[in-house]
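Summary of the model geometry
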Amino acid sequence: MDVNGVVAEGFEPVREAFVRNFETLGERGAAVAVYRHGRKVVDLWGGSRDVDGTRPWEQGTAQIVRSATKGVAAAVLLMLAERGELDLDAPVGHYWPEFKAQGKERTLVRHVLAHRAGVPVLDRTLTLTEAADPDLAAAVLAAQAPAWEPGTDHGYHAQTYSWLTGELVRRTTGRSIGAWIADEIAGPLDLDLWVGLPMTQAHRVGRVGPVEPPAQDGALRARPKRAVAEAYADPASLTRRAFAAITPGPDENEPAYRAAVLPASNGIATADGLARFYAALNGEIDGVRLFAPETLERARAEASAGPDRVLVVTTRFGLGYMLHGGASPLLGPGSFGHPGRGGALGFTDPESGIAFGYVTNGFRKSVTADPRAQALVRAVRTSLA
């Protein structure tokens, strides 16, 4: 396996772990980037750019990162709050009056970020064409009755997070959240990161697909807990319904899906774009810093913790970010970020100054703690020891 790129002195364990992912964990094509105190210390890529192909992954190859997009969407709302354009303690209905229907009038903006809004599912699911229509999708979500009293509990808003965050940004700024990210985040930082892929960049994006983990030494593969497996198998469960808000499930390789603005699920990025984004939350990158120190602390202050009504495991969230814990292990107790189901991961750890980005074209069945990403995180930890 040819692995390309560089690592700074002391970060050799990350390269070793990256190579092992191909040798023992069934990696097809991937990249990892790490910044420390604003300086890039790891930039590696290898394998094929397409999960089912032979063309080599190149520097600058991008991939869909699924729910890792949520961390970028959360930054938009927090930056608007920092600028005084959005009040996190105001009702969502203050900005979006139609959302007050069906007992949602007390839903706060912060409840959206912390997965406490109570609307992870839709009784009337959306096709991809409908999901990509912001007016229609917002109207369907506004009319939805909550699954629990907003603010009283939490459950992962796997797909509806797109229209919750997107509509708040549209109502507040008059721009789509994808355009806002391009203008205010990706542009100033020169990030290879898009929510709503421009046709001019389509040639850089590899094909993604499912991969099965290899059996190792004849050992049984780890199986999810019975309650989790049953929740994913039950069509009536909040779990299945949350992930099926767009039905039929879209083909993630289709140009129409990649061009849609769905900040819960379809961001596209390079590993460097994801890592550089998180580095700019934590500090200044080439003169640009996205979060003031107070906003950073607000982002990672625990806002939800305990059994998750959708994921059926214990989760911890700040305002828009998963926090370090059993369901989503990051670098340390102060880390915050977001995984993408089946692979991608981006986060920052302010205490060590680390910002991390990992993207892959092979998606496994894991939701939050992919073994390949975790091997790389452990290698970063070793490098800092």
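The model shown is predicted, which means the values in this text are computed figures rather than measured ones.

Analysis parameters
- Residues numbered from 1 in each chain as written.
- Predicted model: local features only at pLDDT ≥ 70, side-chain atom pairs only at ≥ 80, totals over all residues.
- Heavy atoms only, no water.
- Helix = DSSP H or I, 4+ residues; strand = E, 2+ residues; numbered from the N terminus.
- Buried < 20%, exposed > 50% of the residue type's maximum accessible area, 1.4 Å probe, protein only.
- Contact = heavy atoms within 4.5 Å.
- Pairing = 2+ DSSP bridges.
- Axes fitted to C-alpha atoms, helices over the stretch in contact; angles between N-to-C directions.
- Parallel < 35°, antiparallel > 145°, perpendicular 65-115°, else oblique.
- Left-handed = near helix turned anticlockwise from the far one by under 90°.
- Nonpolar A, V, L, I, M, F, W, Y, C, P; charged D, E, K, R; others polar.
- Core = buried A, V, L, I, M, F, W, Y, C linked by side-chain atoms within 4.5 Å.
- Expected span 1.5 Å × (residues − 1).
- 1 Å grid on protein atoms, 1.4 Å probe; cavity = no way out; pocket = protein on both sides within 12 Å on 5 of 7 lines; lining within 4 Å.
- Points joined across faces, edges and corners; volume = space filled by probe spheres on them.
- pLDDT = per-residue confidence, 0-100.
- Lys, Arg positive; Asp, Glu negative; His and termini not counted.
- Salt bridge = Lys/Arg side-chain N within 4 Å of Asp/Glu carboxyl O.
- Polar contact = N/O pair within 3.5 Å; in protein donor to acceptor, adjacent residues only side chain to side chain.

1. So, the side chain of Ser352
On the secondary structure map, Ser352 appears in the loop between β12 (345-349) and β13 (354-360). Accessibility expressed as a relative area gives 11% for Ser352, which makes it buried. Discounting chain neighbours no more than four positions away, the residues touching Ser352 are Arg36, His37, Leu331 and Leu384.

2. Quick notes on the sheet that holds strand β7 (residues 268-269)
Pairing is antiparallel in the open sheet, where 3 strands are placed in the order β4-β7-β5. Each edge of the open sheet carries a strand with a single partner, namely β4 (63-64) and β5 (193-194).

3. Some thoughts on the packing of helix α1 (residues 12-24) against helix α14 (residues 371-384)
It is the contact of α1 with α14, at a shortest axis distance of 8 Å, that shows an interaxial angle of 160 degrees. By the angle between their axes, α1 is roughly antiparallel relative to α14. With respect to the hand of their crossing, α1 and α14 are arranged in right-handed fashion. Residues Pro13, Val14, Ala17, Phe18 and Asn21 of α1 lie in contact with α14, whose contacting residues are Arg372, Ala375, Leu376, Ala379, Val380, Thr382 and Ser383. Here the contact of α1 with α14 is built from residues that sort into 8 nonpolar, 3 polar and 1 charged.

4. Digging into the nonpolar core
Soluble globular proteins tend to pack their nonpolar side chains together in the buried interior. Grouped together as the largest cluster of nonpolar side chains are 89 residues, with contacts concentrated most on Trp163, Ile185, Phe277, Leu281, Leu290, Phe291 and Tyr321. Considering each element in turn, this core owes the most residues, 10 residues, to helix α2 (residues 69-82). What Tyr321 contacts, discounting residues up to four positions off in sequence, is Gly71, Ala74, Ala75, Leu78, Phe277, Tyr278, Leu281, Phe291, Ala299, Arg316, Phe336 and Gly337.

5. Quick notes on helix α12 (residues 271-282)
Counting along an α-helix, one turn takes 3.6 residues, and residues three or four places apart therefore face a common direction. With 12 residues, α12 ought to run about 16 Å at 1.5 Å a step, and its terminal C-alpha atoms sit 17 Å apart, in line with that. Across the 12 residues that make up α12, a large majority, 12, are buried.

6. Some details on the environment of Thr239
Locating Thr239 in the fold gives a position in helix α10 (residues 238-243). In the structure, Thr239 is positioned 69 residues away from Asp308 in sequence and 9.8 Å away in space, judged by C-alpha atoms. Each residue touching Thr239, except ones within four places of it in the same chain, is listed here: Ala231, Tyr232, Val310 and Val312.

7. Topic: empty space enclosed by the protein
In this structure the tally under the stated criterion is 2 cavities of 30 Å³ or more. The volume enclosed by the largest cavity comes to roughly 40 Å³. Residues of the lining of the largest cavity, tallied by class, amount to 6 nonpolar, 6 polar and 1 charged. Computed from the structure, the second largest cavity encloses a volume of approximately 30 Å³. As for the second largest cavity, its lining consists of Ser67, Tyr156, Met322, His338, Pro339, Gly340, Arg341, Val367 and Thr368. Across the lining of the second largest cavity, the residue classes break down as 4 nonpolar, 4 polar and 1 charged.

8. Some details on the pairing of strand β8 (residues 304-307)
Relative to strand β9 (residues 314-317), β8 runs antiparallel, the two sharing 4 bridges. Pairing of Pro307 across the sheet is with Thr314, part of β9. Between β8 and β9, which follow one another and run antiparallel, lie 6 residues, and Val312 among them has a positive phi close to 60 degrees.

9. A word on the pairing of strand β3 (residues 39-47)
With 7 of 9 residues buried, β3 is to be regarded as a mostly interior element. Judged from the 5 bridges that link them, strand β1 (residues 3-7) and β3 form a sheet pairing that is antiparallel. From the neighbouring strand, Val7 faces β3, where its bridge partner is Val42. Note: strand β2 (residues 29-36) against β3, 8 bridges, orientation antiparallel. Bridge assignment links Ala31 to a residue of β3, and that residue is Trp45. Counting the residues in the hairpin turn of β2 and β3 gives 2 residues, including His37, whose phi is positive at 50 degrees.

10. Side note on the confidence of the model for the chain
Per-residue pLDDT for the chain has a mean of 95; in total, 98% of the residues score no lower than 70. Counting contacts from residues 217-221, a segment whose pLDDT is below 50, to residues more than four positions away or on other chains yields 4 contacts.

11. Quick word on the layout of surface pockets
In this structure, the second largest pocket occupies an estimated 180 Å³ of space. Contributing to the lining of the second largest pocket are 13 residues, with Pro134, Trp163, Gly166, Arg170 and Val261 lying nearest its centre. Mapped onto the lining of the second largest pocket, the elements with two or more residues apiece are α6 (134-142) and α7 (161-173). Of the residues assigned to the lining of the second largest pocket, the class counts are 8 nonpolar, 3 polar and 2 charged.

12. Some remarks on the side chain of Asp349
Checked against the element boundaries, Asp349 lands in strand β12. An unpaired buried charge is present at Asp349: no salt bridge exists, and Arg300, the closest side chain of opposite charge, is 5.9 Å distant. There is a polar contact of 2.7 Å between the side chain of Asp349 and the side chain of Ser352. The residues touching Asp349, leaving out its near neighbours within four places in the chain, are Asn282, Leu331, Gly332, Gly334, Ser335 and Ile354.

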